[in-house]
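# Survey of secondary and tertiary structure
Here is how the chains run, residue by residue.
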Amino acid sequence: MASSTTATTVCPPFSFAAKYYQEVGGSCIRQSSFFQGQAVLSQGVGYSVILGFGAFFAVFTSFLVWLEKRYVGSRHTSEWFNTAGRTVKTGLIASVIVSQWTWAATILQSSNVAWEYGISGPFWYASGATIQVLLFGIMAIEIKRKAPHAHTVCEIVKARWGTAAHVVFLTFCFMTNTIVTAMLLLGGSAVVNALTGVNIYAASFLIPLGVVVYTLAGGLKATFLASYIHSVIVHIVLVTFVYLVYTASSQLGSPGVVFRRLMEVASKSRVCQDPISHVGQSCGPVSGNYKGSYLTMLSSGGLVFGIINIVGNFGTVFVDNGYWVSAIAARPTSTHKGYLLGGLVWFAVPFSLATSLGIGALALDLPLTASEASRGLVPPATAIALMGKAGSVLLLTMLFMAVTSAGSSELIAVSSLCTYDIYRTYINPNANGKQILRVSRCIILGFGCFMGLLAVILNKVGVSLGWMYLAMGVLIGSAVLPIAFLLLWSKANSFGAILGSIIGCLLGIITWLSVAKIEYGRVDLDTTGRNAPMLAGNLVSILSGGAIHAVSSFLWPQNYDWDTTKKITMVEKDKTELPADEFEEEKLKKAKLWIVKWGVGFTLVIVVLWPALSLPAGVFSLKYFTFWAVVAIAWGTVGSAVIIALPLMESWSTIQSIFAGMFTNDRLMEKMEEINTKLQTIMLAIPDAERLCLLEKEKARKKDLIDEPDHIVPAASA
């Protein structure tokens, strides 16, 4: 074609991407990859970030926990260590959910799908992984109603369905924690290695180090405090990148420039043969997208990814004990609101970030390869292209916050499972608080070491972040509906739960591998990581697991009344500051209706209504894309402001108490504490004193009644 011939004479094809092309011997050659095996930062910077931030958070978070203990009076029992006293408020719960759900994949994989499918990628990543958190709010309030003293999801399983089901779901929970941990460290170590040259295996072991230290010191509350700080940093960097791409950058700087660049790089007249572009690099029209455009929601690849994303992420929320632990830690009146707010704020992280950094990589025509993208290197590439070394440091900091925060949640999740579901259930049923605390800390240390070893093994095998992210639904999806039925359906029986989870998982794996073999003629990491096998495996796993359980429960209903789940006991009778009306059934029922209405409502909006309304637009016009970009900017900005400010506002009285304590004479504080202790002793003794007084009065009254006839008789004879 004439247009093709003309295009071959132009080098570079785009002036804005000139530095990635060079003319050699009359041929225009594109740079073979973005990073070309070269680190942007020195190893010293890499080790400084990993060890420096790790040490800082270990010390700072442990200090915050000590302050709370010293000046607020928190009792550091095993219950407090594993449940944070069950008094966490809405803002901090929302912050924890955002931090816990912001994996390495959230930052990295979301931009990878933007690079692959255009604007539909960030949307389907965000919506497909937000609805699970919104809907889990229903489960969170049901925990308060039906198992108020539970420590883990598997405790509830055992109380309702017995030992066999307990072992099966314990296995699925451990599998989920292992998969999530693997994704965190695979993404984290790959980016640290690409940006700084730090040995990928060393990074795998060093990243979890600081997390282990502060989690050992402060348990779940330390995790929550660290999660808040991490969330603040992640959202500050998020807003920085979003505004950079769409308002401040000299290379992009407005939705209009980004729009025009996206039209140019996907042009049908663009030549994409070697050497002007290489296999695996983005070039020309997008296969499976309407008119080959990046600016459309009509993308078959984006839709398939969205379905895989929805199925897979149901597994990593409903089957991850970390989310159950967070729900258990929340105040009853905060639980449902915290999950809804957390889900809506989290939506901004992949949506806004990938709509800036992922789309920005395409608009800059960066020479990224499919291999670099699957390892999560799209965001760092865009950050470097726009800001140089400063961008890579910002991205590295953001990623470290995400990995360590979600990692600490996984540590507590595994620790509580091992402590309450193995040690207290099968080894030492009469374990006291000190023993529980000691075992919890040993498990945290042990799993922290295992995290690093697991990442090393997976890196050796060649498993990438992208492959692991898509495969998770196949492996754990079958347990999602049985776990949902656990608290939502009284007829759900144990036999169906066990059969559905195991058979569903096996059918999912068989389907996944069979489709890969039939479609591509071989079964390996490449073919099993493609869309068709992943879609089939994910759908079969989640649907067959739920169907088998449902059919079994209809045939042999359990008709359960949740009596045994309500009898789950705490190790120590922790005195709580919560008023009794927090646990009133009427209040909890209203909370459930509220979260059902808003959780299901927002789910329908972001999964059905929003994409349906965007389909008639076809390829977005400049105005439509500008509106889309403004939504991404606004959602990111408002979400960040809320998640930073709300926890501070809710905890302001506690913060004031701590500051007052810190700047008051210690000896005076000790005297005040001594007086408080004495007053408490007196107050506690008052009911006993009143009871003794009443008893004495009763005795005196009875004595008077007995003595009274002796005085009356002589008077009568007279």
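Here's a quick rundown of the structure. (Residues numbered from 1 in each chain as written. Predicted model: local features only at pLDDT ≥ 70, side-chain atom pairs only at ≥ 80, totals over all residues. Heavy atoms only, no water.)

This part is about the overall build of the chain. The number of helices and strands found in the chain is 27 helices and 2 strands. Counting all 718 residues of the chain, 56% fall into the buried class. Taking the contacts inside the chain whose residues are at least 6 apart along the sequence as the reference set, 84% of them involve residues at least 24 apart. (Helix = DSSP H or I, 4+ residues; strand = E, 2+ residues; numbered from the N terminus. Buried < 20%, exposed > 50% of the residue type's maximum accessible area, 1.4 Å probe, protein only. Contact = heavy atoms within 4.5 Å.)

The subject of this paragraph is the side chain of asparagine 177. Counting through the fold element by element, asparagine 177 comes out in helix 8 (residues 163-196). Its relative accessible area of 0% is what places asparagine 177 among the buried residues. Once residues within four sequence positions are removed from consideration, asparagine 177 is found in contact with Asp320, Asn321, Glu410, Ala413, Val414, Leu417 and Phe447.

Looking now at the pattern of salt bridges. Scanning the model with the defined rule gives 11 salt bridges in all. Each of Glu142, Arg145, Lys146, Glu585 and Lys592 takes part in a single network of salt bridges with overlapping partners. (Salt bridge = Lys/Arg side-chain N within 4 Å of Asp/Glu carboxyl O.)

Our next topic: the packing of helix 4 (residues 90-101) against helix 12 (residues 321-329). Put simply, helix 4 and helix 12 touch, their axes get as near as 11 Å, and they point 170 degrees apart. Judged by the inter-axis angle, helix 4 sits roughly antiparallel to helix 12. In this structure, helix 4 contributes Ile93, Val96, Ile97, Gln100 and Trp101 to the contact, and helix 12 contributes Gly322, Tyr323 and Ser326. Of the residues belonging to the contact of helix 4 with helix 12, the class tally is 5 nonpolar, 3 polar and no charged. (Axes fitted to C-alpha atoms, helices over the stretch in contact; angles between N-to-C directions. Parallel < 35°, antiparallel > 145°, perpendicular 65-115°, else oblique. Nonpolar A, V, L, I, M, F, W, Y, C, P; charged D, E, K, R; others polar.)

Right, let's get into the layout of surface pockets. Each pocket or cavity is described by its volume, and for the second largest pocket that value is around 1,100 Å³. As for the second largest pocket, its lining consists of 35 residues, and the residues nearest its centre are Asn112, Trp115, Glu116, Tyr117 and Ala370. When contributions to the lining of the second largest pocket are tallied by element, the ones reaching two or more residues are helix 5 (104-117), helix 11 (300-318), helix 14 (370-374), helix 18 (465-476) and helix 21 (525-528). Each residue belonging to the lining of the second largest pocket can be placed in one class, and the counts come to 14 nonpolar, 17 polar and 4 charged. (1 Å grid on protein atoms, 1.4 Å probe; cavity = no way out; pocket = protein on both sides within 12 Å on 5 of 7 lines; lining within 4 Å. Points joined across faces, edges and corners; volume = space filled by probe spheres on them.)

Before going further, it helps to examine the packing of helix 10 (residues 255-265) against helix 25 (residues 622-650). Packing of helix 10 against helix 25 brings their axes to within 9 Å, and their N-to-C directions diverge by 120 degrees. Relative to helix 25, helix 10 is oriented oblique. Crossing of helix 10 over helix 25 shows right-handed handedness. Where helix 10 approaches helix 25, its residues Pro255, Gly256, Val258, Phe259 and Leu262 are matched on the opposing element by Leu622, Phe625, Thr626 and Ala629. Residue composition of the contact of helix 10 with helix 25, grouped by class: 7 nonpolar, 2 polar and no charged. (Left-handed = near helix turned anticlockwise from the far one by under 90°.)

So, on to the state of the cysteines. Across all of its chains, the model carries 2 disulfides by this definition. Between the sulfur of cysteine 11 and that of cysteine 28 lies a disulfide, 2.1 Å long from S to S. Because the torsion about its S-S bond is 70 degrees, the bridge between cysteine 11 and cysteine 28 counts as right-handed. Taken together, the residues span a long stretch of sequence, with cysteine 11 in the loop between helix 1 (2-9) and strand 1 (21-24) and cysteine 28 in strand 2 (residues 27-30) at a distance of 17 residues. Residue cysteine 272 pairs covalently with cysteine 283 via a disulfide, S to S 2.1 Å. (Disulfide = S-S within 2.5 Å.)

Only one face of strand 2 is covered, namely the one carrying Cys28 and Arg30; the face carrying Ser27 and Ile29 has none of its residues buried. Strand direction decides the pairing type here: strand 1 and strand 2, joined by 4 bridges, are antiparallel. Across the sheet, the residue bridging to valine 24 is serine 27, located in strand 2. Between strand 1 and the antiparallel strand that follows it, strand 2, lie 2 residues; glycine 25 among them carries a positive phi value of about 60 degrees. (Pairing = 2+ DSSP bridges.)

This part covers the environment of phenylalanine 57. Among the structural elements, phenylalanine 57 can be located in helix 2 (residues 43-72). The class of phenylalanine 57 is buried, set by a relative accessible area of 3%. In this view, phenylalanine 57 contacts Ser62, Tyr214, Ile229, His230, Ile233 and Met401; residues no more than four positions away in its chain are not counted.

In this description, a pair of aromatic rings is defined by centroid distance and the angle of the planes. This structure, assessed with the given rule, holds 37 aromatic pairs. The interplanar angle of 80 degrees and the centroid separation of 5.3 Å between the aromatic rings of phenylalanine 136 and tryptophan 324 together place this pair among those described as edge-to-face. Pair noted here: phenylalanine 136 is in helix 6 (residues 120-146) and tryptophan 324 is in helix 12, with a separation of 188 residues, a long-range link. Assigned by exposure class, phenylalanine 136 and tryptophan 324 land together as buried. Arranged with centres 5.1 Å apart and planes meeting at 70 degrees, the rings of phenylalanine 485 and tryptophan 489 form a pair that is edge-to-face. (Phe/Tyr/Trp six-rings, centres within 6.5 Å; stacked < 30°, edge-to-face > 60°.)

This next bit is on a nonpolar patch on the surface. On the surface, a cluster of nonpolar side chains totalling about 940 Å² of accessible area is made up of Phe495, Leu499, Ile502, Ile503, Leu506, Leu507, Ile510, Val551, Leu555 and Trp556. Of all elements in the fold, only helix 20 (494-520) and helix 22 (531-555) reach the threshold of two or more residues within the nonpolar patch. When residues of the nonpolar patch are assigned to their parent elements, the largest contribution, 7 residues, is made by helix 20. Here leucine 555 is to be found in helix 22. With a relative accessible area of 55%, leucine 555 lands in the exposed category. (Patch = residues over 30% accessible without salt bridge, like charges linked within 9 Å, V, L, I, M, F, W, Y side chains within 5 Å. Areas by Shrake-Rupley, 256 points an atom, 1.4 Å probe, with all protein chains shown as cover.)

A few words on the environment of valine 304. Inspection of the secondary structure puts valine 304 in helix 11. Between the C-alpha atom of valine 304 and that of asparagine 531, which follows or precedes it by 227 residues, the distance is 6.8 Å. Non-local contacts of valine 304, meaning those with residues more than four positions away in its chain, are made with Asn531 and Leu535.

Turning to unusual backbone geometry, a few remarks are in order. Note the cis peptide between aspartate 274 and proline 275, where omega equals 10 degrees. Phi at aspartate 365 takes a positive value of approximately 55 degrees, unusual for a residue other than glycine. Tracing the backbone through its elements, the reader meets aspartate 365 in the loop between helix 13 (335-363) and helix 14. The backbone of asparagine 559 shows a phi angle near 55 degrees, a positive value even though the residue is not glycine. Relative to the elements of secondary structure, asparagine 559 occurs in the loop between helix 22 and helix 23 (563-566).

Examined against the element boundaries, arginine 160 turns out to sit in helix 7 (residues 153-161). The side chain of arginine 160 sits in the buried core without any salt bridge; aspartate 561 is the nearest counter-charge, 8.5 Å away. In this view, arginine 160 contacts Phe485, Leu486, Leu487, Trp489, Ser490, Lys491, Ala492, Gln558, Tyr560, Trp562, Thr564 and Thr565; residues no more than four positions away in its chain are not counted. (Lys, Arg positive; Asp, Glu negative; His and termini not counted.)

A few words on helix 16 (residues 389-427). With 39 residues, helix 16 should reach 57 Å at 1.5 Å per residue; the first-to-last C-alpha distance of 53 Å fits that figure. Counting buried residues in helix 16 gives 31 out of 39 residues, a clear majority hidden from the surface. (Expected span 1.5 Å × (residues − 1).)

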